[in-house]
Structure formats: C-alpha cells, structure tokens
Amino acid sequence: MTPRDKLESIAINLWWSWDPEARSLFRRLNPEVFRAANNNPQAALATAKEAVLEDPAVQDEIDSVYARYRDYMERDPQVEDAPETAYFCMEYGLHESLSLYSGGLGVLAGDHAKAASDLGLPFTAIGLFLREGYFRQSFNANGWQESTYPVLDPAKHPVSLVSEGGGDPLTVPVHVGTHKLQVRAWKVALGHTDLYLLDTDFDANPEKHRPLTRRLYQGGNYERIRQELVLGIGGLRMLRALGGEPDVYHANEGHCAFLMLELLRERLEAGDELEAAEEWVRDHSVFTTHTPVMAGHDHFKPDLFTEAMAGFRDQIHLSNHDLLGYGRVHPEDHEETFTMTVLGLKLSRAANGVSKLNGHVARQQWQDLYPDRSLDEVPIDSITNGVHLPTWTAGPTRDFLADHIDVDLTQSQDPDDWDGLADLSDETLWNYRCMLRERLVDYVEAKVQEQSLPMNPDLDPEALTIGFARRFATYKRAPLIFRDRERARALFADADRPIQLLYAGKAHPADDAGKRFIQRIYEISQAEGFEGKVIFLEGYDMEIGRMLTSGCDIWLNNPRRPLEASGTSGQKVAAHGGLNLSVLDGWWPEGYNGRNGWAIGPEPTGDYGEADPEVQDEQDAASLYQQLEEGVIPTFYDRDADGLPADWIDMMREAMTGLPAPFSAKRMVRDYVEEMYRHGG
Ligand SMILES: *Cc1c(COP(=O)(O)O)cnc(C)c1O
C-alpha cells in the first residue's frame, strides 16, 4: 500500500478521531485546510502536497499510525460472549466535522458506540443522516442568536452509501401517513462498530417528503412523528436488509421506540398470536429514558398518531385503538396522547435511567404504569452515563498520563490504574494544570477572532478559569451567577484574586428564552467590571467542548434539580484534574465525595415535585456565591511557600484518581452488557 492508500483507509474510519497520533498526522498534512474543515482528515488528505507525503518523517508516522490502526482492528474482544446488539438513537455526537447531534444525548450515543468498539462488542448502531445537522450558531448585532444550516457533502465525509452487492443503493420502504417512502442508508465506521444513518433525501421520494431526515428537532410534531417512523421502522427494516438478526435491540430514548412496533409486526407476520408476539418483543428489547420533565417526552395527539400510522396500521393488522394503547398509561382514556416512552417501557424487558437520581425520578414519573407496585418496585433501573476517555482526553493529558501511569485508554482498565497520580508532587500536578489552562487561554483568544459575536478577551493564563458550556435550555440556568449582579461584579473586580468565566452553548432555534439568556450573557460580557473576563464562545461543538473541559479549573453546573438527567461534561473535566462546582444533580451526587469538588445547594432529598423555581433559583444562587467566596476562590489563591495551592492540588488528586474510571463509557457499556443486554442480566 502506498502512504496515500494507508491514509485513505484510516480517514474513512472515525477511529482516527480518538487516536491522538492519527489526529496530529492528518493535521500535519495540511494544517490550514484541516482546521478550516472542522478538523476533517479527508479535506487535509485531498489537498496534501506530494512533497509532504514523500517526507520520510511523515512516512514513518503514517506507518506507525497505520500499524496502530490494524492492531486495534484485529484485537480480541474484551468481553466474552457478549450478546449481539442493535442500538438505536436519534442523534450521534461523533466529531466536530460531522454535525449529527444537538447535545448530551447525541454525545452519549457516540461515546457508547465508540466504547462498544473498544470492547470489541458485536454492536451495530442506527441513526438518521442529518445532512443539515442541528444548526450553525451566529449572532446579529444585538447578540441575538441566528441559525444557518450548512449542508453536509457526503463526498467530503467518511460516509458511504449502502448498496446491494456494490450495485444500486439498498432501500427499504416505510409508510408515513399513507405515503410509502423509500429509505436508504449511509454507513459510518467507528472502529469495529458500524453506524447506519437513514436518509429519505433522494429522488425516489416526492420533493415534499425528501427533507424528512435533514434536520434534528426542527418543525413540529407532524414532522417529528414521521421522522421517528423512519428511524424506528425504517431502521429495523434496514438492519434486516443488511442481514442483521441481533439478540437485543436497545432503544436509547423514546424517539426510536417505533422499532418495537416493527418487531411486533414481524412476529405477527410470522404467525405468532398477539400475546406471544408481545412477549417476544419484550424479551429482545431494552429501553433507556433520559427525560426528567413530563412535557419533554415525545407525545402525539391521538389524531396525529392515527393519521401518521395509517400505512403501518394496514401492515400490522391491529386496530387503531390497540396501537394507541401501547403508548398510553391508560389505554381506555381516549384523550390520552401516545407517548414514546410508554411504548418503550411497555415493550421492553428492562429499562433504565442514566444516573441513580434520574432512575429515581423516572420511577416516580412512570409509577402509574405499574399500579400494583410500590415506588421501589417500578422496573426502571439506572446505569450512570460515562464518557469515552480516548475521545475526550486532551493530547497533553494523554502524554502526561503516559509519563506517569500505565493506562491505555482503549484497553482494559482497572479503576486502580489511576492511583499513581496521587503520588505525583504538588509541583508536577500544578505545572500540568497551568499548562492546560494556558493552552485554553491561547485557544480562546484566537477562536473569538473568527466569531460574529464580538469579544475582547482580557484573559490571564494564571487566573482561576471557570467554564460553563452546554445547551442553553433554560433549566440549566446559564446566567445564575449574575443573579446578584453586584455580588458577581465584586468577584470579577478583585484584582488580587482574578477570575474569568468562559461560556459556550446553543439555544434551540425555537427557544427565545434560551436566546435571551445568551443575549444577557453577551451584555454582561460588555459591561464594566466583567469586560474581557466573561467570554462567550460561539458555535459550541466537540472541539470547543474538548478545549474547555480540559483547560478549565472549575466546571460550573447549576441546573434546576432534578432536570439534569446525568450530564457528562463534568466527567470530562475531572479526567483532566479540573474540579466540578455543581448542583447535586445527575451524576454529581455519585461522583462528589466532599474532597474532589464542590456542591451547590442542598443534598438531594428524593422529592422534587413541588419546589418553587424562584425559591430554588434564589437559594442556589446564594449557595453558589458562598461556595465561590469561601471555597473555590480562597482554595485556588491560598498559596504555600513554594507558591502552590496545596489544598487545591489535593482536590485535583482526588478528582483525577477517583473519577475517570467509574465515569467512563467503558464502565458504562460494560454495565449495559451485564445488566441489560445479557439475558437475565
Ligand atoms: C460532553 C458534551 C455534551 C454533554 O454534556 P452535558 O454536561 O450534558 O452538557 C454536550 N455537548 C458537547 C459538545 C459536549 O462535549
């Protein structure tokens, strides 16, 4: 193979995205083009000069990366006799060059699929070919968020159209309403894992229906239910057309739960009685719910459901009433909507929330479905989310780990593997932390020059650096720290103990309240006392996510409890020795031990029904100020004779040794295999 052939074979497998050597190799081929294309290897390779490819040093690097790739692909599985699994999800966060996600759910699904590959599981993933993705964020002169939708060009991305024996594209039919659409698929390779992305946007379909799979979470329920028919029913049909007969079907969140109705249809068609067919579907399906707000579960009015399901109903030969019943808590209630989560719960053998607290909330939400059981007996368990460490660990941190401990992030791990970090000297740990912060400050200063929202950063590479990046859903309360503006100003104005705060995040295009939050932060970033120290980074994506979570000293997370199902960004921070300052919501009650970060507000009580949001905001803001004034800032600036913050460094040790393994996607996916995918698990 020529060097170019080797590079081409690596560039079409996203394995490169979690291998730091592969990433830097592609960057080296053509740094400007690589960057301009959101770190896309194919763009760099297409424009690489022959002189670069002929450079012996580059060729050595190509050989080395290629050997690592082959080695990875040929490795033995790390889990014995794992059941074959098909995983369905609406969105996947894989890399900044492929915008197929809006936030945590997608990033989690991407991390799950990558960890499944690292473990060598027999695992296939299904999603949508969101050619226009979520949206690209920009701002008008008033700091008001605007959206554009750049179109993904398949020729420039690691996607290949799935065809029948190399000939015509493989297609499967799906009825949406009374229309029969054709669905095709694009394959993305994630190490060993194949991800199939379903697509209606081609000439077999009438113009009016083609855009169905183009964008994520846009339009109303009319589009949404149709998109979900393509995902669930089209996804299963595509899997069958590819010869897939997995042992277990995992519906990650309700969007894809129609897959269970298609399984039911298959069994009925094969001649099963209804009860036996339901039993079979349950026996082969597992379901994950993430949504702690009742209104956040996809639910469809009976009329809309009836109309959208017309074609499918003719195929499954069930009455409309019976079909509706699968999505209703009370099937006889003719007013009740069809809720995808109810479908997922009714037709699966096991269900889970994504943190212990979220599991508890889900049991409360759905207790009515199990009238003869107590709250603790509601059959929804929990598996706490974790992050794919090879994807999220910054290059310099990988080098740092390699210098001091023996851990290969894609290989088998023992939680004790990180223990050696506790033995490092204060100076070693502090120098490492300062290096990451400096790297981030440089990045931010360059990055804001390219954005439409004007920023004049006046950042100090030695100042306490706080990060807040996530979707701007209002329950996450991005501006909470400015609730008492003068108290906040006093913190930012303290020249002896400087702090700086970096924001990033997108509001949903229809969420004006979320956009007002960004606008308020923009105004504050221009106001006296905050200017240059409060920065909003435009276009939150996985690159910005990697930079902020690796470089910030403090990761601020102040959702209105219990609305953060898990949250994973804080886990990325801990893996770099950053400290969380967070409401005890999502994963943090499991991670926080009093010595590895800070808590905002009270301990969870288990009862979240009645809290008045205004009261909660006031209390949490007061707690946040107190933690900053009495905990975070003094600990950071209290220096010993060597100029080192000894107490802070102790907390870093605690976070860096104790949190990465239990909150890794590898632990999470192993839990899924043992507790959900294995029969009787
Ligand atoms: C990690 C990550 C998320 C999810 O983290 P949350 O804590 O749930 O917000 C979302 N978006 C990006 C870009 C991420 O890197």
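Up top you'll find the structure we're talking about.
**Brief notes about the sheet that holds strand 20 (residues 597–600)**
(1) Moving on: The six strands lie next to each other as 17-16-15-18-19-20, forming an open sheet whose pairing is parallel. With one partner strand each, in any of the chains shown, strand 17 (534–537) and strand 20 form the two edges of the open sheet. When strand polarity is set aside, the average angle formed by the axes of neighbouring strands in this sheet is 20 degrees.
(2) Moving on: In this structure, strand 18 (residues 554–557) lies alongside strand 19 (residues 579–583), joined through four bridges in parallel fashion. By the bridge assignment, Asn-557 is partnered in strand 19 with Ser-582.
(3) Moving on: Lying on the sheet, helix 21 (residues 542–551) is in contact with strand 15 (464–469), strand 16 (499–504), strand 17 and strand 18; it crosses strand 16 at an angle near 155 degrees.

**Regarding the pattern of salt bridges**
(1) Moving on: Counted by the stated rule, this structure contains 45 salt bridges.
(2) Moving on: When the shortest N-O distance is used, the salt bridge between Glu-486 and Arg-489 registers 3.1 Å. Highlighted residues: Glu-486 and Arg-489, both in helix 19 (residues 485–493), separated by three residues, approximately one helical turn.
(3) Moving on: The salt bridge involving Asp-650 is made with Arg-653; its shortest N-O contact spans 2.8 Å. With Asp-650 and Arg-653 both in helix 25 (residues 646–658) and three residues apart, this pair spans about one turn of that helix.
(4) Moving on: The exposure class assigned to Arg-653 is buried, which follows from its relative accessible area of 12%.
(5) Moving on: Within the structure, one salt-bridge network assembled from shared partners comprises Arg-131, Arg-184, Asp-199, Asp-201, Arg-210 and Arg-214.

**Here's the deal with the site of the ligand**
(1) Moving on: Close to the ligand lie Gly-103, Gly-104, Val-107, Trp-392, Arg-470, Tyr-540, Asp-541, Gly-567, Thr-568, Ser-569 and Lys-572, which account for all nearby residues.
(2) Moving on: Ser-569 is positioned with one of its side-chain polar atoms (N or O) 2.5 Å from an oxygen atom of the ligand.
(3) Moving on: Separating an oxygen atom of the ligand from a side-chain N or O atom of Lys-572 is a distance of 2.6 Å.
(4) Moving on: When the free accessible area of the ligand is taken as 390 Å², the share hidden by the protein chains comes to 95%.
(5) Moving on: For the shell around the ligand, the class distribution of residues is three nonpolar, five polar and three charged.
(6) Moving on: Two domains each donate at least three residues to the shell around the ligand, and these are domain 2 (85–385) and domain 3 (393–663).

The rules behind these values
Residues numbered from 1 in each chain as written. Predicted model: local features only at pLDDT ≥ 70, side-chain atom pairs only at ≥ 80, totals over all residues. Heavy atoms only, no water. Pairing = 2+ DSSP bridges. Helix = DSSP H or I, 4+ residues; strand = E, 2+ residues; numbered from the N terminus. Axes fitted to C-alpha atoms, helices over the stretch in contact; angles between N-to-C directions. Contact = heavy atoms within 4.5 Å. Salt bridge = Lys/Arg side-chain N within 4 Å of Asp/Glu carboxyl O. Buried < 20%, exposed > 50% of the residue type's maximum accessible area, 1.4 Å probe, protein only. Near = heavy atom within 4 Å. Polar contact = N/O pair within 3.5 Å; in protein donor to acceptor, adjacent residues only side chain to side chain. Areas by Shrake-Rupley, 256 points an atom, 1.4 Å probe, with all protein chains shown as cover. Nonpolar A, V, L, I, M, F, W, Y, C, P; charged D, E, K, R; others polar. Domains from an automatic or database assignment.

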